[in-house]
Protein chains: 2
Amino acid sequence: MNATATNSADSYSISELAQEFGITTRTIRFYEDKGLISPERRGQTRVYSPEDRVRLKLILRGKRLGFSLDESREIIDMYDPAHGNLEQLSRLLERIESKREQLRQQQRDIEKMLAQLDEATARTQAALKEHSN
Amino acid sequence: MNATATNSADSYSISELAQEFGITTRTIRFYEDKGLISPERRGQTRVYSPEDRVRLKLILRGKRLGFSLDESREIIDMYDPAHGNLEQLSRLLERIESKREQLRQQQRDIEKMLAQLDEATARTQAALKEHSN
DNA sequence: GTTGACGTTTACGTTAACGTAAACGTCAAT
DNA sequence: ATTGACGTTTACGTTAACGTAAACGTCAAC
């Protein structure tokens, strides 16, 4: 009943993660190629930490919002300890605010679309009533 | 001061729409190729109606939400008079509800991302304070 | 009458995000 | 010792959504 049967610490195999998130192992390796995840190696085999899992989660969440991998990478980079100098830090703040604005735009878009769908539902149900003549 | 200087009714040229929405004319023609817009022709020239403009708006809104052109087409199709038979109508209702669920998922994703960005802001500001030593 | 702004079609090029296949290693089970 | 499940690398293929260039028509302006 344990997801990491043979592993001592919290770690995952590539196929475990693939199955959990409904993606292929090829996809996960592709993300590694693009520098989004860097799992450890036990010999030649990839071993994923809980942090790696979180990164995957963030990537897929970004995907659902239509973000590119580069954009997701940006968001992930915003998460870890801002290690830069003062200028880098203020630019980071700007980028964060920029993302925030983008997300707010998406919220507005969603509201409008949901309203449209409400209307569509109404019209369709009306058309259905017409059919019951 | 009129957007449709030489036109009698409400209509737009391809470059007017391109400029208004910040896209290229090539993009608009591409959407036409894909069957998302079907402007009239005055001779060989495309003439866009207000309805065409709305369609464009919906497409671009979909884009901002990461929807493919096919998905946007679906949403647009949901808007016009549901002309089908009873079975088609109920399937339409299902598709609408499906889209609605997808949008709700996006709302949740956005909430979580915004929370992450809040944390990121806090950490970055903390790092900035460290710098003022 | 030619220049320039705007339009057209046709077609090849490009980038992102994987899919898919080949060819191979490894280890547990039969 | 061979089968099967899982892992690896390398590499070519694919789809979506345009970009870009070529080659041309049209119409008002100079």
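Higher on the page you've got the structure.
Residues numbered from 1 in each chain as written. Chains lettered and ligands numbered in written order. Predicted model: local features only at pLDDT ≥ 70, side-chain atom pairs only at ≥ 80, totals over all residues. Heavy atoms only, no water.

A.B. asks: Describe the protein's contact with DNA strand D, naming the residues involved and giving the relevant values.
C.D. replies: With respect to spatial proximity, 16 residues lie near DNA strand D, and among them Ser15, Arg29 and Arg46 of chain A together with Thr24 and Arg26 of chain B are the closest. Of all atoms in DNA strand D that approach within 4 Å of the protein, 70% are sugar or phosphate atoms. In this structure, Ser13 of chain A approaches DNA strand D through a side-chain N or O atom, which is 3.4 Å from a phosphate oxygen. In the environment of DNA strand D, a phosphate oxygen lies 3.0 Å from a nitrogen or oxygen atom belonging to the side chain of Thr27 of chain B. Elements with a minimum of two residues in the surface near DNA strand D: α1 (14-21) and α2 (25-33) of chain A together with α2 (25-33) of chain B. (Near = heavy atom within 4 Å. Polar contact = N/O pair within 3.5 Å; in protein donor to acceptor, adjacent residues only side chain to side chain. Helix = DSSP H or I, 4+ residues; strand = E, 2+ residues; numbered from the N terminus.)

A.B. asks: Explain empty space enclosed by the protein residue by residue, including any values.
C.D. replies: Rolled over the atoms, a probe sized like a water molecule indicates the empty space that remains. Tallied over the entire structure, the rule returns 1 cavity of 30 Å³ or more. Quantified by volume, the largest cavity comes out at close to 30 Å³. Around the largest cavity, the lining residues are Ile75, Met78 and Tyr79 of chain A together with Gln116, Leu117 and Ala120 of chain B. Looking at the lining of the largest cavity, the elements that each hand over two or more residues are α4 (69-79) of chain A together with α5 (86-131) of chain B. Taken together, the residues of the lining of the largest cavity break down into 5 nonpolar, 1 polar and no charged. (1 Å grid on protein atoms, 1.4 Å probe; cavity = no way out; pocket = protein on both sides within 12 Å on 5 of 7 lines; lining within 4 Å. Points joined across faces, edges and corners; volume = space filled by probe spheres on them. Nonpolar A, V, L, I, M, F, W, Y, C, P; charged D, E, K, R; others polar.)

A.B. asks: So what's going on with the relation of the copies chain A and chain B? Which residues, and what values?
C.D. replies: Between the two copies, chain A and chain B, the superposition gives an RMSD of 0.0 Å; the rotation angle is 180° and the shift along the axis is 0.0 Å. Both copies of the chain, as the preceding transformation shows, are related through a two-fold rotation axis. Residue Gly66 of chain A, judged by its C-alpha, is the member of chain A lying nearest the rotation axis, at 1.8 Å. Most of the interface of chain A is mirrored in chain B, where 100% of its interface residues again form contacts. (Least-squares fit on C-alpha atoms with pLDDT ≥ 70 in both. Contact = heavy atoms within 4.5 Å.)

A.B. asks: Report on the protein's contact with DNA strand C, specifying residues and quantitative values.
C.D. replies: Close to DNA strand C lie 16 residues, the nearest being Thr24 and Arg26 of chain A together with Ser15, Arg29 and Arg46 of chain B. A share of 74% of the atoms of DNA strand C within 4 Å of the protein falls on sugar and phosphate groups. Between Thr27 of chain A and DNA strand C, the recorded distance is 3.0 Å, taken from a side-chain N or O atom to a phosphate oxygen. One nitrogen or oxygen atom from the side chain of Ser13 of chain B is found 3.4 Å from a phosphate oxygen belonging to DNA strand C. When contributions to the surface near DNA strand C are tallied by element, the ones reaching two or more residues are α2 of chain A together with α1 (14-21) and α2 of chain B. Sorting elements by how many residues they give to the surface near DNA strand C places α2 of chain A first, with 4 residues. For the surface near DNA strand C, the residue count by class is 4 nonpolar, 6 polar and 6 charged.

A.B. asks: Just give me the short version of the packing of aromatic side chains, but keep the residues and values in it.
C.D. replies: All names here are of chain A. Within the structure shown, the criterion is met by 2 aromatic pairs over all chains. Aromatic pair Phe30 and Tyr31: ring centres 6.3 Å apart, planes at 55°, arrangement tilted. Relative accessible area serves as the criterion here: at 4%, Tyr31 is assigned to the buried category. Positioned above the aromatic ring of Phe67 is the side chain of Lys99, whose terminal nitrogen or guanidinium carbon lies 4.9 Å from the ring centre. (Phe/Tyr/Trp six-rings, centres within 6.5 Å; stacked < 30°, edge-to-face > 60°. Buried < 20%, exposed > 50% of the residue type's maximum accessible area, 1.4 Å probe, protein only. Lys NZ or Arg CZ within 6 Å of the ring centre and 35° of its normal.)

A.B. asks: Summarise the environment of Leu103 of chain B; cite the residues concerned and give the values.
C.D. replies: If you trace the backbone, Leu103 of chain B turns up in helix α5. Residue Leu103 of chain B is classed as buried on the basis of its relative accessible area of 1%. Considered as a pair, Leu103 of chain B and Leu65 of chain B are 38 residues apart in the sequence and their alpha carbons are 8.9 Å apart. For Leu103 of chain B, the contacting residues outside a window of four places in its chain are Ile110, Met113, Leu114 and Leu117 of chain A together with Leu65 and Phe67 of chain B.

A.B. asks: Explain the interface of chain A and chain B to me, and be specific about the residues and the numbers.
C.D. replies: On the chain B side, the residues contacting the 42 residues of chain A number 42 residues. For the pair chain A and chain B, the summed buried area comes to about 4,100 Å², and 68% of that belongs to carbon and sulfur atoms. Sorting the residues of chain A by area buried against chain B places Arg61, Met113 and Leu117 of chain A first, and these three jointly supply 15% of that buried surface. Linking chain A with chain B are 6 salt bridges, by the criterion used here. Arg100 of chain B is paired through a salt bridge with Asp118 of chain A; the nearest N and O atoms lie 2.6 Å apart. For the interface between chain A and chain B, the tally reads 10 residue pairs in polar contact (both at pLDDT 80 or more). (Buried area = accessible area lost by both parts, 1.4 Å probe. Salt bridge = Lys/Arg side-chain N within 4 Å of Asp/Glu carboxyl O.)

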